[in-house]
Amino acid sequence: MSGLEIAGLVLGALPLAIKAVQSYKSILSSMWHVQYGLICLQRDLETECIRFQNTCETLLVGIAPLAMIDRMTNNPFGDEWKRYSDELSIRLWTSKGTFETHVAEMLAATKELKEKLCIPSNDATNPTDSHSILQELKKGTSFTLNRKDYENILSRIKTGNSALEGLIAPNNDLESNRRHRSQARVTRLLRGLSLSIYNAILSALTCTCANEHSVSLELEHRRVVLVPGDIEEQVAKKFNFNIVLKSANGVGADGRNCVAHVIQDTRESWSSLAVRLVDNESDERPSSPTKISNPSQNTRRRIRLIPWMRPKSSKSNIAISSATKTRIKNIQKLPILPTTPSSPKRVINLCKAIQISNKQAVSCFGYVLHSERKFELYPSSSPSFQRKVTLRQIVDISKKGLPPFEYPDKIKAALALSISILHLYDTPWLENMVTLDDIVFFYDDCIEYSHHDSPYRPHIMKSYGSGNFPLTTQKVKSPNSRKPMNLIIFSLGVLLTQLIIGKAIKGLDVEDNMDVKSVSPKRKIGSRLTNGILENGGTRYLAVVNWCFENVHNEADLRNDNFCQEFFEAVVTQLEDCVDLLERGN
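As the structure is a prediction and not an experimental result, all values here were calculated from the model. (Residues numbered from 1 in each chain as written. Predicted model: local features only at pLDDT ≥ 70, side-chain atom pairs only at ≥ 80, totals over all residues. Heavy atoms only, no water.)

Engineer: Got a sec to walk through the overall build of the protein chain? Specific residues and values, please.
Structural biologist: Summing up its helical and strand segments, the protein chain has 16 helices and 10 strands in all. Out of the 586 residues in the protein chain, the part that is buried amounts to 53%. Only carbon and sulfur atoms are counted for the fraction: they give 49% of the accessible area of the protein chain, which is about 27700 Å². (Helix = DSSP H or I, 4+ residues; strand = E, 2+ residues; numbered from the N terminus. Buried < 20%, exposed > 50% of the residue type's maximum accessible area, 1.4 Å probe, protein only. Areas by Shrake-Rupley, 256 points an atom, 1.4 Å probe, with all protein chains shown as cover.)

Engineer: Provide a residue-level description of the confidence of the model for the protein chain, including the pertinent values.
Structural biologist: Per-residue confidence for the protein chain averages 78 on the pLDDT scale, and 72% of its residues sit at or above 70. Overall, residues 250-267 carries pLDDT values under 50, and its contacts beyond four positions in sequence, including any with other chains, amount to 57 contacts. Per-residue pLDDT stays below 50 along residues 474-481; that stretch engages in 12 contacts with residues further than four places along the chain or on separate chains. (pLDDT = per-residue confidence, 0-100. Contact = heavy atoms within 4.5 Å.)

Engineer: Could you give an account of the packing of aromatic side chains, naming the residues involved and the relevant values?
Structural biologist: Counted according to the given criterion, the structure contains 8 aromatic pairs. Relative to Y456, the ring of F441 lies with its centre 5.5 Å away and its plane at 80°, an arrangement referred to as edge-to-face. One end of the pair, F441, is in strand 9 (residues 439-443); the other, Y456, is in the loop between strand 9 and strand 10 (459-464), and 15 residues separate them in sequence. Of the two residues examined, F441 and Y456, each falls in the buried class. An aromatic cluster is built from F405, F441 and Y456, whose rings are joined through pairwise contacts. The residue whose ring lies beneath K374 is Y367, and the NZ or CZ to ring-centre distance is 4.3 Å. (Phe/Tyr/Trp six-rings, centres within 6.5 Å; stacked < 30°, edge-to-face > 60°. Lys NZ or Arg CZ within 6 Å of the ring centre and 35° of its normal.)

Engineer: Help me get a handle on the packing of helix 14 (residues 516-527) against helix 15 (residues 530-550), residues and values and all.
Structural biologist: Relative orientation of the contacting elements helix 14 and helix 15 amounts to 150°, with a least axis distance of 11 Å. For the element pair helix 14 / helix 15, the angle class is roughly antiparallel. Listed contacts from helix 15 to R523, G526 and S527 of helix 14 are T530, F549 and E550. A per-class count over the contact of helix 14 with helix 15 returns 1 nonpolar, 3 polar and 2 charged. (Axes fitted to C-alpha atoms, helices over the stretch in contact; angles between N-to-C directions. Parallel < 35°, antiparallel > 145°, perpendicular 65-115°, else oblique. Nonpolar A, V, L, I, M, F, W, Y, C, P; charged D, E, K, R; others polar.)

Next up, the structure:
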């Protein structure tokens, strides 16, 4: 039983005790020597009950909607509390264990209180007349109406309440700063993972196919908070990364057909793969020992993981271990990825492995390596893809034959794009800028998509010809002695503008190596679109675009932790609010 569930029992027991004291006071109204003690006891219990309710209410402020707080405090730690348990744990931070200890002590005190007040734990009732009360007193049991007999119990409840009040106030004040610090850790973790996936996948593309390959990474919004004690590599195992590998149909230089296992278009086909980090317990390279992270067995591993809401028909997976709780907000828990009965083998030729899977179903392709990280590859359970379109194509509202690209799709895509700019910056996935042509979507012509089942999950794609697979440790930047130019931020503002308006704006496209003179006229074009952005996206969306335009000349960039936090608050948080409003029905 969690500390919050125990707290619910405490809140439930205290009102019962107050009610019993009121009953005894009424029944024994003629016994003046008992009345005073019962009056004092009732007053003390009511005071402590209110203090405890206030503490629980304080925990909810800023987490639960205002309209729900009163209802939730009247039903302490009931079903409605469960959806916010992750956020409450984040607010308590490292003091959660201490919080639970004090609540458990208060529960033990309230149990003794119930015994002394003769409050039964079953459906029976406590004494309801003076005769039965006197009979219980004469039995010499724990039942007593002597005020002194309750001093120890009251002292323990008061001590617990004081401790909880002392814990909650600073935790509330520090929560914002803690989340900021956590985002810096999350960003570094996801950048490292993205780099490793890039290199690991490309190292497995050893075929000599005549045609180029394209590898795309799905851009996802992950709400993750790391607390002290979280082991980052363990947290990373809870993420799924989805990639799509494209190859042109035809015979490669090695004489093999280069095909994929999904439905084929006229000239292209795509293989959708789920990538998951696993323990690198054994490596084929004995000269490079595996790095082991082995904290004390008593270390409690916690992860606050809240992925972006998926369409209901999506079967994308998140692996969840029994030792670590994953926290998923507003969506159902996703199934665990399949596992193979035998140990997966290292993938040397991914093209060949996919070809084999066409003839024989496999649950796991094997694993790929980069540095000390090991990733297993699974056939994705996402729908088969027949078509690929760019963001430039779908923002064109005159384009026929595409599934509807409506406001909810645009807002969720904008959020996924923005958070991915932060998480992929300085990695090979992301260049100095991002354009409408860099972002692609996959969908199936045979499926009639609905409002709740959108195909618009953005991917960023990288294309490589045969034998051209550069492995990198970081994004290569050319020396720049010019004035500061945050081209990636400016290009995001341009992209978000065209996305929400639903039109590729002539003269607004961003080009590499732009200078101040070339940016200035594009900012003017963007300023003339303010009304359209406001009309189609709202005030929050407009504030996001304006921030991107205004920070094009900021001296700091996304390699600076403080600037990353500014970006997160000004862009990501605002778009998160937009998505939350959509999910709550405004």
